[in-house]
Amino acid sequence: MFGIHDDWQRLCVAEDLRSKRQQIRVSFANGRSHTVRVQDVPDGYLITAVVAGAGVVAEWDRLYREAWERNRHSRLVGLRVDVEGRMVAHGWTPKEGLTADAFQTLVRAVAREADRYEFQLTGTDRR
């Protein structure tokens, strides 16, 4: 269905979304913002956003357990520690039948959850 690498960019045309290369900057009504990364994977798009760097992750003994508990209650956005030791939020959507509304909903959800958890962990707006 999608043959051109940047097809997802046509799906994220909105006032609060700014795309550049493989990233989308999501702006929130409260003045905060968060950047998500879009990866074109077979049959879908993987949306990820950094919650906290490896240094922050290493400081929290219960972080893995808290992420697991959050994941148990979420169907759209998950949390994990990536190969670089960072806590990331992620979501996936298939390309087939994908609409702008569905894509934007996922992008905003990943950004919102990453931003919310980032603030809980660090008290700042770094990403």
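Placed above this text is the structure.
All figures in this text were calculated on a predicted structure; none of them were measured in a lab.

In this structure, arginine 21 is a non-glycine residue whose phi angle is positive, near 55°. Structurally, arginine 21 is set in the loop between β1 (17-20) and β2 (23-27). Unusually for a residue other than glycine, aspartate 43 sits at a positive phi of about 70°. Tracing the chain through its elements places aspartate 43 in the loop between β3 (33-41) and β4 (44-52).

Below, the discussion takes up the environment of alanine 109. The topology assignment puts alanine 109 in helix α4 (residues 100-122). Looking at alanine 109, the relative accessible area reads 4%, which means it is buried. For the pair formed by alanine 109 and histidine 90, sequence separation is 19 residues and the distance between their alpha carbons is 9.3 Å. When sequence neighbours within four positions are dropped, the list of residues in contact with alanine 109 reads Leu76 and Val77.

All right, on to the pattern of salt bridges then. Within the structure shown, the criterion is met by nine salt bridges. One salt bridge connects arginine 116 with glutamate 113, and the closest N-O pair in it is separated by 2.7 Å. Placement of the pair is arginine 116 and glutamate 113 together in helix α4, with a separation of three residues, close to one helical turn. Relative accessible area serves as the criterion here: at 39%, arginine 116 is assigned to the partly exposed category. On the accessibility criterion, glutamate 113 (24% relative accessible area) is partly exposed. Shared partners join several salt bridges into a network, and the residues in it are Arg32, Asp115 and Glu118.

Two elements in contact, helix α3 (residues 63-72) and α4, have axes separated by 14 Å at closest approach and are oriented at 145°. Seen along the crossing, α3 lies across α4 with a hand that is right-handed. When α3 is examined against α4, the residues Leu63, Glu66, Ala67 and Arg70 are found in contact with a partner set consisting of Glu113, Tyr117, Gln120 and Leu121. Tallied by class, residues from the contact of α3 with α4 come to four nonpolar, one polar and three charged.

Moving on, we come to the sheet that holds β3. Across the sheet, which stays open at both edges, the six strands sit in the order β1-β2-β3-β4-β6-β5 with antiparallel pairing between neighbours. Lying at the two open borders of the sheet, with one neighbouring strand each, are β1 and β5 (78-81). Averaged over neighbouring strand pairs, the angle between their axes works out to 30° when direction is ignored. Of the strand pairs in this sheet, β4 and strand β6 (residues 87-94) are connected by eight bridges, and their pairing is antiparallel. For isoleucine 47, the partnering residue across the bridge sits in β6 and is glycine 91. Of the strands in this sheet, β5 and β6 touch α3, which is tilted by about 155° from β5. α4 rests against β1, β2, β3, β4, β5 and β6 of the sheet, and its axis sits at about 15° to β4.

How each quantity is defined
- Residues numbered from 1 in each chain as written.
- Predicted model: local features only at pLDDT ≥ 70, side-chain atom pairs only at ≥ 80, totals over all residues.
- Heavy atoms only, no water.
- Helix = DSSP H or I, 4+ residues; strand = E, 2+ residues; numbered from the N terminus.
- Buried < 20%, exposed > 50% of the residue type's maximum accessible area, 1.4 Å probe, protein only.
- Contact = heavy atoms within 4.5 Å.
- Salt bridge = Lys/Arg side-chain N within 4 Å of Asp/Glu carboxyl O.
- Axes fitted to C-alpha atoms, helices over the stretch in contact; angles between N-to-C directions.
- Left-handed = near helix turned anticlockwise from the far one by under 90°.
- Nonpolar A, V, L, I, M, F, W, Y, C, P; charged D, E, K, R; others polar.
- Pairing = 2+ DSSP bridges.

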